[in-house]
Amino acid sequence: LMQIMILRMLQKHGHKPIVIVGGGTSFIGDPTWKDESRKLMNEQTIEQNKIGIQTVLKHFIKFGDGSSDAIMVDNADWLCNLKYIEFLRDYGQYFSVNRMLTMDNVKTRLEREQNLSFLEFNYMLLQSYDFLYLNNTYNCQIQFGGSDQWANIVMGVELNRRFNKETFGLTSPLLTTANGTKMGKTVGG
């Protein structure tokens, strides 16, 4: 909800929101604050989620061809066609594993001695690449999300900086229940 309201506010002030759905990254899932890895989704579930996201967003922001009309892009369009060896060669060199291990979402899982798969660890690289791709393709200069996305957003800003691009990240607090549990689509909120 917080992100939707930020999109709405920016659109009302003349900015063009770029909504990114994770059709590609949904195949692996990001490292969460939870005690276990995210459940892997199949293509049908991912497609249903994408339709659901756009249906909800249409109530709050305007999509279309106008100068400030929002567009929705799916990272499957560029991530599913990446060649892994070339990706590692061209972009992996800019990521410090030492730095990635200090990020709260990774560090917390490791401190709890909970499994963090290499699959999940790659998520940070992919979301960072998303931001670089959006900057190159749409001149996207700011990425924002919930505070649980902080590490991914910071790494995306850093990756853009490596290519001499000035970008920014913004996170907002998560909405939580009275007992402090995150409210959201993956926790039945």
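Everything here concerns the structure above.
Cut-offs applied
- Residues numbered from 1 in each chain as written.
- Predicted model: local features only at pLDDT ≥ 70, side-chain atom pairs only at ≥ 80, totals over all residues.
- Heavy atoms only, no water.
- Phe/Tyr/Trp six-rings, centres within 6.5 Å; stacked < 30°, edge-to-face > 60°.
- Helix = DSSP H or I, 4+ residues; strand = E, 2+ residues; numbered from the N terminus.
- Buried < 20%, exposed > 50% of the residue type's maximum accessible area, 1.4 Å probe, protein only.
- Axes fitted to C-alpha atoms, helices over the stretch in contact; angles between N-to-C directions.
- Parallel < 35°, antiparallel > 145°, perpendicular 65-115°, else oblique.
- Left-handed = near helix turned anticlockwise from the far one by under 90°.
- Contact = heavy atoms within 4.5 Å.
- Nonpolar A, V, L, I, M, F, W, Y, C, P; charged D, E, K, R; others polar.
- Patch = residues over 30% accessible without salt bridge, like charges linked within 9 Å, V, L, I, M, F, W, Y side chains within 5 Å.
- Areas by Shrake-Rupley, 256 points an atom, 1.4 Å probe, with all protein chains shown as cover.
- Salt bridge = Lys/Arg side-chain N within 4 Å of Asp/Glu carboxyl O.
- Core = buried A, V, L, I, M, F, W, Y, C linked by side-chain atoms within 4.5 Å.
- Expected span 1.5 Å × (residues − 1).
- Arc of directions from axis to C-beta.
- Polar contact = N/O pair within 3.5 Å; in protein donor to acceptor, adjacent residues only side chain to side chain.

Visitor: Can you walk me through the packing of aromatic side chains in this structure?
Guide: Two aromatic rings, taken as a pair, are described by how far apart their centres are and by the angle between their planes. Evaluated as defined, the whole model comprises six aromatic pairs. Relative to tyrosine 129, the ring of tyrosine 91 lies with its centre 5.0 Å away and its plane at 65°, an arrangement referred to as edge-to-face. Here tyrosine 91, found in helix α4 (residues 84-91), pairs with tyrosine 129, found in helix α8 (residues 123-138); they are 38 residues apart in sequence, far enough to count as distant. The exposure class assigned to tyrosine 91 is buried, which follows from its relative accessible area of 18%. Its relative accessible area of 12% is what places tyrosine 129 among the buried residues. Seen in terms of ring centroids, tyrosine 94 and phenylalanine 163 are 5.2 Å apart; in terms of plane orientation they differ by 70°. Their pairing is edge-to-face. On the criterion of sequence distance, the pair formed by tyrosine 94 in the loop between α4 and α5 (97-102) and phenylalanine 163 in the loop between α9 (150-162) and β4 (168-172) is long-range, its members being 69 residues apart. Using a relative accessible area of 26% as the deciding quantity, one classes tyrosine 94 as partly exposed. Members of the aromatic cluster, connected to one another through ring pairs, are Phe87, Tyr91, Tyr94, Tyr129 and Phe163.

Visitor: So what exactly am I meant to see when it comes to the packing of α8 against α9 here?
Guide: Helices that pack against each other are described as a pair by the angle of their axes relative to one another and the distance between those axes. At a minimum axis separation of 8 Å, α8 and α9 run at an interaxial angle of 50°. Comparing the axis directions of α8 and α9 gives the class oblique. For the element pair α8 and α9, the recorded crossing hand is right-handed. Contacts between α8 and α9 pair Tyr123, Met124, Gln127, Ser128, Tyr129, Phe131, Leu132 and Asn135 from the former with Ala151, Asn152, Ile153, Met155, Gly156, Val157, Leu159 and Asn160 from the latter. Considering only residue class, the contact of α8 with α9 consists of 10 nonpolar, six polar and no charged.

Visitor: What is the right way to look at a nonpolar patch on the surface in this model?
Guide: A cluster of nonpolar side chains, Leu1, Met2, Met5, Leu175 and Met183, forms an exposed patch at the surface whose accessible area comes to about 440 Å². Note on placement: leucine 175 falls in the segment after β4.

Visitor: How should I be thinking about the nonpolar core in this particular structure?
Guide: A general tendency of soluble globular proteins is for nonpolar side chains to be buried together. Core analysis: the largest hydrophobic core is formed by 26 residues, its most contacted members being Met100, Met124 and Tyr129. With sequence-adjacent residues up to four places away left out, tyrosine 129 is seen in contact with Trp78, Leu79, Leu82, Phe87, Tyr91 and Leu159. In terms of nonpolar packing, the next biggest core, distinct from the first, is built from seven residues, Val19, Leu57, Ile61 and Phe63 among them.

Visitor: Is there a simple way to explain the pattern of salt bridges in this structure?
Guide: Two side chains carrying opposite charge are able to pair once their charged atoms lie near each other. Counted according to the given criterion, the structure contains five salt bridges. Of the charged contacts in the structure, one is a salt bridge between aspartate 69 and lysine 62, with a shortest N-O distance of 3.3 Å. Residue arginine 89 pairs with aspartate 90 through a salt bridge whose shortest N-O separation is 2.8 Å. By relative accessible area, aspartate 90 is classed as partly exposed at 31%. Salt bridges here are not isolated pairs; linked through shared partners, they connect Glu47, Lys50 and Asp74.

Visitor: When you look at helix α2 (residues 43-57) in this model, what are you seeing that I'm missing?
Guide: Because each turn of an α-helix spans 3.6 residues, side chains separated by three or four positions in sequence point in the same direction. Relative to the 21 Å expected for 15 residues at 1.5 Å per residue, α2 spans 21 Å between its end C-alpha atoms, a close match to the ideal helical length. Those residues of α2 that fall on the buried side of the exposure criterion are Ile46, Lys50 and Leu57. Down the axis of α2, the sector holding all buried residues measures 45°, keeping them to one side. Among the exposed residues of α2, those oriented more than 90 degrees off its buried face are Gln44 and Ile51. On its buried side, α2 packs onto α1 (2-12), β1 (18-21) and β2 (71-74). Capping the start of α2, asparagine 42 holds a side-chain oxygen 3.2 Å from the backbone nitrogen of glutamine 44, two or three residues further along.

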